[in-house]
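These are the residues of each chain, in order.
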Amino acid sequence: MTDTIIYHNPNCGTSRNVLALIRNAGIEPNVIDYLKTPPDRNRLVELITQMNVPVREVLRRKGTPFDELQLDNPALSEDELIDAMVLHPILMNRPIVVTVLGTRLCRPSEAVLDILPAAQRGAFSKEDGEQVVNTQGERVAG
């Protein structure tokens, strides 16, 4: 079993790039398609706590019922926002990666490099062609 988990959406380019960066470090993560197997409320709260971010930072607006549910209402509590994510997993921003070094919402995708326990094994470019890692496995300053 691996110590690395990615809450992944295979239809998301950022999520695919993060998964590829994890694998470029020689790590085969536990891939959880969170739309098919969403985290339960307790696990979602645990992830948000581990990331040490406000709940609103984990909410995704684009392509979700965010506006329809009026989740931008500042009167909504964090518990109410979490309940909305549990009910509509598409509201959970992605990808979230858990490693022995930490838990992070990996947007932009190269944010995953900060929590990977292994170095990159070679060059890596995102799907759009942007180089993230050079041939020596070093992060490219962007």
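Look above for the structure.
Right, let's walk through the structure included here. (Residues numbered from 1 in each chain as written. Predicted model: local features only at pLDDT ≥ 70, side-chain atom pairs only at ≥ 80, totals over all residues. Heavy atoms only, no water.)

### Regarding the nonpolar core
Tyr7, Ile48, Met85, Met92 and Ile96 are the most contacted members of the largest nonpolar core, which has 22 residues in total. Ignoring anything within four residues of it in the chain, the contact list for Met92 reads Tyr7, Tyr34, Pro39, Leu44, Val58, Arg60 and Met85. By size, the runner-up hydrophobic cluster in this structure holds 16 residues, among which are Ile6, Val112, Phe124 and Val132. (Core = buried A, V, L, I, M, F, W, Y, C linked by side-chain atoms within 4.5 Å. Buried < 20%, exposed > 50% of the residue type's maximum accessible area, 1.4 Å probe, protein only. Contact = heavy atoms within 4.5 Å.)

### Focus on helix α4 (residues 78-87)
Every buried residue belonging to α4 is among Leu81, Ile82, Ala84 and Met85, and all of these are buried. Projected onto a plane normal to the axis of α4, the buried residues spread over an arc of 155° and lie on a single side. On its buried face, α4 sits against α2 (41-51) and α3 (55-58). (Helix = DSSP H or I, 4+ residues; strand = E, 2+ residues; numbered from the N terminus. Arc of directions from axis to C-beta.)

### Observations concerning the pattern of salt bridges
By the definition in use, this model includes eleven salt bridges. The closest approach of N and O atoms between Arg16 and Glu127, which form a salt bridge, is 2.6 Å. A residue pair is termed long-range when its members are at least 10 positions apart, and Arg16 in helix α1 (residues 13-24) and Glu127 in the loop between β5 (124-125) and β6 (131-133) qualify at 111 residues. On the basis of relative accessible area, Arg16 is assigned to the partly exposed category, the value being 33%. In this structure, Arg41 engages Asp83 in a salt bridge whose closest nitrogen and oxygen atoms are separated by 2.8 Å. Here Arg41 is found in helix α2, whereas its partner Asp83 is found in helix α4, with 42 residues between them in sequence. (Salt bridge = Lys/Arg side-chain N within 4 Å of Asp/Glu carboxyl O.)

### Some words on the side chain of Thr99
Structurally, Thr99 can be placed in strand β3 (residues 96-99). In this structure Thr99 comes out as buried when scored by relative accessible area, which is 8%. Among the polar contacts made by the side chain of Thr99, one reaches the main-chain amide nitrogen of Leu101 at a distance of 3.0 Å. Ignoring sequence-local partners within four residues, the contact set of Thr99 consists of Asp3, Thr4, Ile115, Leu116 and Pro117. (Polar contact = N/O pair within 3.5 Å; in protein donor to acceptor, adjacent residues only side chain to side chain.)

### Examining α1
Relative to the 16 Å expected for twelve residues at 1.5 Å per residue, α1 spans 16 Å between its end C-alpha atoms, a close match to the ideal helical length. Buried within α1 we find Ser15, Asn17, Val18, Leu19, Leu21, Ile22 and Asn24. On its buried face, α1 sits against β1 (5-8), β2 (30-33), β3, β5 and β6. Where α1 ends, the next residue or the one after it, Gly26, has phi of about 80°, a positive value. (Expected span 1.5 Å × (residues − 1).)

### Section: the sheet that holds β2
Within the open sheet, the four strands sit side by side as β2-β1-β3-β4. Their pairing is mixed. Looking at strand neighbours, the two that pair on one side only are β2 and β4 (102-105), the edges of this open sheet. Taking each pair of neighbouring strands and ignoring which way they run, the sheet shows an average axis angle of 15°. Across four bridges, β1 lies against β2 in parallel orientation. Within the sheet, the bridge partner assigned to Ile5 lies in β2 and is Asn30. Each of β1, β2 and β3 is contacted by α1, which is oriented at about 160° to β1, the strand it contacts most. (Pairing = 2+ DSSP bridges. Axes fitted to C-alpha atoms, helices over the stretch in contact; angles between N-to-C directions.)

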